[in-house]
Amino acid sequence: MNAITPDTEIDRVLTAPGLQRVGIVGVPPLRLIDILHRRGVEILDLDAMLVVEDMESTVALLPRVYCAILRTVVLNAMHLDLDAIVLDVGPGKCDGALHVAAVLEDSLPIPILRVINNDRQPFGAPLCRAEMDMTDKFLAITERVKSPEILKNPPPPCRPTAGFWGVPPRDFSILALFPDTTHVYGWTRCMENKTPADAILEARINPAIPTVFFAQSFCAKTALARLLAKKHPHALYLDIDVNTGSSAKAKIQAFLDLSGVEI
Ligand code: SF4
């Protein structure tokens, strides 16, 4: 239990006849996305909200003190008809994903593949720097996890007026508060760059723009978010659990207003 899956077993599962729908957690190595892509296998990003079900139904499998992303993974896995699940359980994701893999293996009759993504080839992060509605921007970035190809016709970078640092939030409603000229940093940028374990890129910030440092509650990244927020001259640190409450939204709004950011 919890050993990394050997390449031979990964290849056996991902090239098996009849494989139709595979769930992914985090950013699996490009080699695996490429295999699935070439075979026309449907890829479902289990980090995203894919089913409308009660989160409390995961409590029998996962303690409430797990982050909302991993609880969403379990919720999706419980309710979707999948042929296999591939989880990045290395530094590109977190230890929590490794333990979730054990939970899923114990509950589901499908192969659970534990992989480590150490890809280093940078694909760039044009969407993180584009002028674009923030919800659309995050939808586009997270959608790209399913593609092994470089973005065609990338948008030009805009002059940033605000910053968002962090992972794609479980609840995207927070994003509507930011202007289209927000640049995105943190793990989301690593995700678009297809280098999820690039800690140097993850820690990059822009001190010239007011920045919200976001982490999911109960995630180890809260420590990094707080540290970077302390070093940044104009920062707001925020951790949010399953849904964004009105007080968190009010804090972001007040922070951006007081920083003179035009929405
Ligand atoms: S938010 Fe943190 S704890 Fe949750 S899946 Fe992402 S890295 Fe892991």
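Quick caveat: nothing in here was measured; it's all calculated off a predicted structure. Sequence order as written defines the numbering, with residues in each chain counted from 1. Residue-level local features of this predicted model are given only where pLDDT is at least 70; pairs of side-chain atoms are given and counted only at 80 or more, and the full residue set underlies all totals for whole chains, interfaces and linings. Excluded from the side-chain calculation are hydrogens and water; included are all heavy atoms of the structure.

1. So, the packing of helix α1 (residues 7-14) against helix α2 (residues 30-39)
The criterion, for reference: Lines fitted to C-alpha atoms define the axes, with helix axes restricted to the stretch in contact, and inter-axis angles between N-to-C directions lie between 0 and 180 degrees. For helices the rule is a DSSP run of H or I covering at least 4 residues; for strands it is a run of E covering at least 2, with both sets numbered from the N terminus onward. For classification, angles of less than 35 degrees are called roughly parallel, those exceeding 145 degrees roughly antiparallel, those between 65 and 115 degrees roughly perpendicular, and all remaining angles oblique. Crossings are classed by handedness, with left-handed meaning an anticlockwise turn of the near helix from the far one by less than a right angle and right-handed meaning a clockwise turn. In this analysis, two residues are considered to be in contact whenever any of their non-hydrogen atoms come within 4.5 Å of each other. Here the term charged refers only to Asp, Glu, Lys and Arg, the term nonpolar to Ala, Val, Leu, Ile, Met, Phe, Trp, Tyr, Cys and Pro, and the term polar to all other amino acids, Gly among them.
Two elements in contact, α1 and α2, have axes whose closest approach is 11 Å; the angle formed by their N-to-C orientations is 20°. As far as their axial angle goes, α2 and α1 are roughly parallel. The crossing of α1 and α2 is right-handed. Where α1 approaches α2, its residues D7, I10, D11 and L14 are matched on the opposing element by R31, L32, I35, L36 and R39. Each residue belonging to the contact of α1 with α2 can be placed in one class, and the counts come to five nonpolar, no polar and four charged.

2. Description of the pairing of strand β8 (residues 235-240)
Defined as follows: Only protein chains enter the accessibility calculation, which uses a 1.4 Å probe; a residue whose area is less than 20% of its type maximum is buried, one above 50% is exposed, and one in between is partly exposed. Each pair of strands is called paired provided DSSP finds at least two bridges between the two strands. Looking down the strands as they point away from the viewer, one classifies a crossover as right-handed if the path from the first strand across the helix to the second runs clockwise.
Alternating residues of β8 divide into L236, L238 and I240, all buried, and A235, Y237 and D239, none buried. Relative to β8, strand β7 (residues 211-216) runs parallel, the two being bridged by six bridges. If you follow T211 over to β8, its bridge partner there is A235. With helix α8 (residues 221-231) bridging β7 and its parallel neighbour β8, the resulting β-α-β unit is right-handed.

3. Re the nonpolar core
For clarity, the threshold we go by: The definition of a nonpolar core used throughout is a set of buried Ala, Val, Leu, Ile, Met, Phe, Trp, Tyr and Cys residues joined through side-chain atoms within 4.5 Å. Where a domain begins and ends is set by an automatic assignment or by a domain database.
Judged by nonpolar contacts, the single largest core of 46 residues is most densely connected at L14, V86, F164, I174, F178 and I252. Built from parts of two domains, this core gets at least three residues from each of domain 1 (7-115) and domain 2 (127-258). Not counting residues within four places of it along the chain, the set of residues in contact with V86 comprises L14, V22, G23, I24, V25, P28, L32, L113 and V115.

4. Quick word on the side chain of S217
Spelled out, the test is: Any pair of N or O atoms that falls within 3.5 Å is considered a polar contact. Within protein, one atom must be able to donate a hydrogen and the other to accept it, and sequence-neighbouring residues count only if both atoms are side-chain atoms.
Note on placement: S217 falls in the loop between β7 and α8. Among the residues examined, S217 registers a relative accessible area of 8% and is labelled buried. Within the structure, S217 has its side chain in polar contact with the backbone nitrogen of D241 (distance 3.2 Å). Leave out the neighbours within four places in its chain, and S217 touches C67, D239, I240 and D241.

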